[in-house]
Amino acid sequence: ALAIERAFGKRPAGAYLHFLRSNTVVEVPLIHAGTSLITELRDAQDSLRFDLKEGDHCQSCQFYRSMCPAA
């Protein structure tokens with residue numbers, strides 16, 4: 001949404017995910033507060049520094065307790 005707004009000067013009214021294999025279209029909400037997250041991700045990519053954010057989601061990762069520093 002931010003890229004479209006930047007390119008065309010107008011924020012899109014909606015957003016959709018189109019799953020090609022199942023030919024399913026799902027409407028997804030536009031996140032207006034996502035600007036800070038995008039800025040944080042861009043800064044991390046520019047500096048090549050990605051802080052570890054360990055949590056419950058780690059347990060489903062294939063690298064948990066092996067290659068991951070969270071182990």
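Refer to the structure above for everything that follows.
Residues numbered from 1 in each chain as written. Predicted model: local features only at pLDDT ≥ 70, side-chain atom pairs only at ≥ 80, totals over all residues. Heavy atoms only, no water.

Caption draft 1: View of the overall build of the protein. When its secondary structure is counted, the protein shows two helices and two strands. Put simply, the protein runs from its N terminus to its C terminus through helices and strands in the order α-β-β-α. Taking all 71 residues of the protein together, the buried fraction comes to 7%. In the protein, once contacts between residues fewer than 6 apart in sequence are set aside, the share between residues at least 24 apart is 8%. Summed over its atoms, the accessible surface of the protein is roughly 6,600 Å², and 56% of this surface lies on carbon and sulfur atoms. (Helix = DSSP H or I, 4+ residues; strand = E, 2+ residues; numbered from the N terminus. Buried < 20%, exposed > 50% of the residue type's maximum accessible area, 1.4 Å probe, protein only. Contact = heavy atoms within 4.5 Å. Areas by Shrake-Rupley, 256 points an atom, 1.4 Å probe, with all protein chains shown as cover.)

Caption draft 2: Seen up close, the layout of surface pockets. Of the volumes computed, that of the largest pocket is approximately 190 Å³. Lining the largest pocket are Leu-37, Glu-40, Leu-41, Ala-44, Arg-49, Phe-50, Asp-51 and Lys-53. (1 Å grid on protein atoms, 1.4 Å probe; cavity = no way out; pocket = protein on both sides within 12 Å on 5 of 7 lines; lining within 4 Å. Points joined across faces, edges and corners; volume = space filled by probe spheres on them.)

Caption draft 3: Focus on the pattern of salt bridges. Under the criterion given, the structure shown has one salt bridge. Arg-11 is the partner of Glu-5 in a salt bridge, and the nearest nitrogen-oxygen pair spans 3.3 Å. We classify Glu-5 as partly exposed; its relative accessible area is 32%. (Salt bridge = Lys/Arg side-chain N within 4 Å of Asp/Glu carboxyl O.)

Caption draft 4: Seen up close, the environment of Tyr-16. Looking at the secondary structure, you find Tyr-16 in strand β1 (residues 15–19). Along the sequence, Tyr-16 and Pro-29 sit 13 residues apart, while their C-alpha atoms lie 8.3 Å from each other. Filtering out sequence-adjacent residues up to four positions away, Tyr-16 remains in contact with Val-25, Val-26, Glu-27 and Val-28.

Caption draft 5: Here's a closer look at unusual backbone geometry. Positive phi is not limited to glycine here, since Asn-23 has a value of about 55°. Among the secondary structure elements, Asn-23 is positioned in the loop between β1 and β2 (24–28). If you check the backbone angles, Leu-48 has positive phi at about 55° while not being a glycine.

Coordinates in, geometry out; function isn't part of it.
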